[in-house]
Amino acid sequence: MPGPTARALPWGPLTACLVAGLLIMMVPAAATAGLGVDNIVNLARIVMLAGALGVAFLLDDPAASTTAVLPVPRLARIAVRGLLAVPVLAGWWALTLAAAHLAVAAEVRPAVPALTLTVEAAALVCVAFALAGIRRGGAAGTVGGIVAAPLTLVLVLLLQFLPDGWSLFVGAGDPRWREAHVIWSVLAGSALLASGLLAHEPTSRRATTRPAPQPVGAGVRR
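Source: prediction; values computed, not measured.

## Regarding the pattern of salt bridges
Item 1. Applying the stated criterion to the full structure yields 2 salt bridges.
Item 2. We note a salt bridge from R45 to E120, for which the minimum N-O separation is 2.9 Å. You can see R45 sitting in helix α3 (residues 37–55) and its partner E120 sitting in helix α6 (residues 114–132), a full 75 residues away along the chain. Like E120, R45 is buried.
Item 3. The partner of R176 in a salt bridge is E179, and the shortest N-O contact between them spans 4.0 Å.
Item 4. Residue R176 is classed as buried on the basis of its relative accessible area of 15%.

## Overview of the nonpolar core
Item 1. Within the largest apolar cluster, 55 residues are counted, with the highest numbers of intra-cluster contacts made by M25, I40, L89 and W93.
Item 2. Contributions of two or more residues to this core are made by α2 (11–31), α3, α5 (74–103), α6, α7 (145–160) and α8 (177–199).
Item 3. A total of 12 residues in this core trace back to one element, the largest contributor, which is α6.
Item 4. Excluding anything up to four places from it in sequence, W93 contacts A44, V47, M48, L117, T118 and A121.

## A short note on the side chain of R81
Item 1. Tracing the sequence through the fold places R81 in helix α5.
Item 2. Take R81: its relative accessible area is 7%, and that puts it in the buried class.
Item 3. Of the polar contacts made by the side chain of R81, one reaches the backbone oxygen of L58; its length is 2.8 Å.
Item 4. From its side chain, R81 meets the backbone oxygen of D60 in a polar contact 3.3 Å long.
Item 5. Those residues in contact with R81 that sit more than four places away from it in its chain are T5, A8, L9, P10, L58, L59, D60 and D61.

## Describing the packing of α3 against α7
Item 1. The contact between α3 and α7 brings their axes to 8 Å, and the two run at 150°. In terms of orientation, α3 lies roughly antiparallel with respect to α7. Pair α3 / α7 crosses with right-handed handedness. Each of L49, A52 and L53 in α3 lies in contact with α7, whose residues at this interface are A149, T152, L153 and V156.
Item 2. Of the residues belonging to the contact of α3 with α7, the class tally is 6 nonpolar, 1 polar and no charged.

## Quick notes on the packing of α6 against α7
Item 1. Where α6 contacts α7, the two axes come as close as 9 Å, and the packing angle between them is 140°. Regarding the angle of α6 to α7, the classification is oblique. α6 and α7 meet at a crossing whose hand is right-handed. Each of L124, V127, A128, L131 and A132 in α6 lies in contact with α7, whose residues at this interface are A148, L151, T152, L155 and V156.
Item 2. For the contact of α6 with α7, the class distribution of residues is 9 nonpolar, 1 polar and no charged.

The rules behind these values
The residue numbering used here restarts from 1 in each chain and proceeds along that chain's sequence as written. Totals for whole chains, interfaces and linings use every residue, but because this is a predicted model, local features are given only for residues with pLDDT of at least 70 and side-chain atom pairs only at 80 or more, for both listing and counting. Side-chain calculation: all heavy atoms of the structure are included, whereas hydrogens and water are not. For this document, the term salt bridge refers to a Lys or Arg side-chain nitrogen within 4 Å of an Asp or Glu carboxyl oxygen. The numbering of helices and of strands both runs from the N terminus, where a helix is a DSSP run of H or I of at least 4 residues and a strand a run of E of at least 2. Relative accessible area decides the class of each residue, using a 1.4 Å probe on protein chains only: under 20% of the type maximum gives buried, over 50% gives exposed, and in between gives partly exposed. By nonpolar core is meant a set of buried Ala, Val, Leu, Ile, Met, Phe, Trp, Tyr and Cys residues that side-chain atoms within 4.5 Å join together. Only heavy atoms matter for contacts: two residues are in contact if any of them lie within 4.5 Å across the pair. Residues adjacent in sequence count toward polar contacts only when both atoms are side-chain atoms; beyond that, a polar contact is any pair of N or O atoms within 3.5 Å, and within protein one must be able to donate a hydrogen and the other to accept it. Axis definition: a line fit to C-alpha positions, over the contact stretch in the case of helices; interaxial angles, taken between N-to-C directions, run 0 to 180 degrees. Under this scheme an angle from 65 to 115 degrees is roughly perpendicular, one under 35 degrees roughly parallel, and one over 145 degrees roughly antiparallel; angles in between are oblique. Helix crossings are classified by the rotation of the near helix relative to the far one: an anticlockwise turn of less than a right angle makes the crossing left-handed, while a clockwise turn makes it right-handed. Gly is put with the polar residues, along with every residue not named as nonpolar or charged; the nonpolar set is Ala, Val, Leu, Ile, Met, Phe, Trp, Tyr, Cys and Pro, and the charged set is Asp, Glu, Lys and Arg.

In C-alpha cells:
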C-alpha cells in the first residue's frame with residue numbers, strides 16, 4: 001500500500017507550500033547574517049504556517065469513493081499518507097532551521113530556540129492534518145485542502161490575536177515561553193488524537209434478517 005499511496009499523494013500543493021516557506025527563510029539568510037532571535041522566530045512561524053497549509057491538502061483523494069470499498073480501514077489509509085509525508089517534512093524543517101542559524105549573527109546562534117520552534121511547527125502540522133480529515137458527508141470523502149487550508153489560517157490568526165497572557169505566539173525572551181510550549185505540546189497531541197477519531201470509520205448497524213426456512217417442496221407447483 002505505501003507505493004501506490006505515495007504515487008497518489010497530492011505532492012504538488014505540498015511541495016509548493018514547502019518551497020515557498022523555505023524561500024522565506026533562505027532569502028534573509030543569503031542577504032544578511034545579522035538578524036535577531038525574535039526576528040528569526042517570527043520568520044520561522046511564517047515558514048511553519050506555509051508548511052501547515054501544504055499539509056492541509058495531504059488527504060485530497062479524487063479516488064476516495066473507490067478506495068472506500070477496499071478491505072483496508074480508512075484509519076490505515078490516512079495513517080500511511082501521514083507517515084509518507086513525515087520524512088519530507090522533517091528534511092524541509094531541518095533545512096529551515098539551518099537557514100535560520102545562518103540568518104542570525106554568530107554570537108546569538110546558540111540562542112535560537114530550535115527545539116521549541118519544532119514543537120510549534122509539529123503542532124500546526126498536526127492541526128492542519130486533523131482539519132483535512134474532517135468528513136465531507138460520507139465515510140470516504142473529506143473536506144479537502146480547499147477547506148482545511150483556510151481553517152488552518154483562521155485558527156493561526158485567532159491564536160495570534162489572543163489577549164496578553166493567553167497568546168501562544170510569544171517572544172523568545174517572554175517569561176511565558178516555557179508555559180506556551182507546554183500548551184503547544186498538548187495541542188499537537190490533541191490534534192493527533194482528533195486525526196485518529198476523525199479517521200475512524202463508523203460501524204454500520206445493518207440488521208441481517210434470515211429468511212424463514214420453508215418446508216421441502218413448498219414452492220413446487222403441482
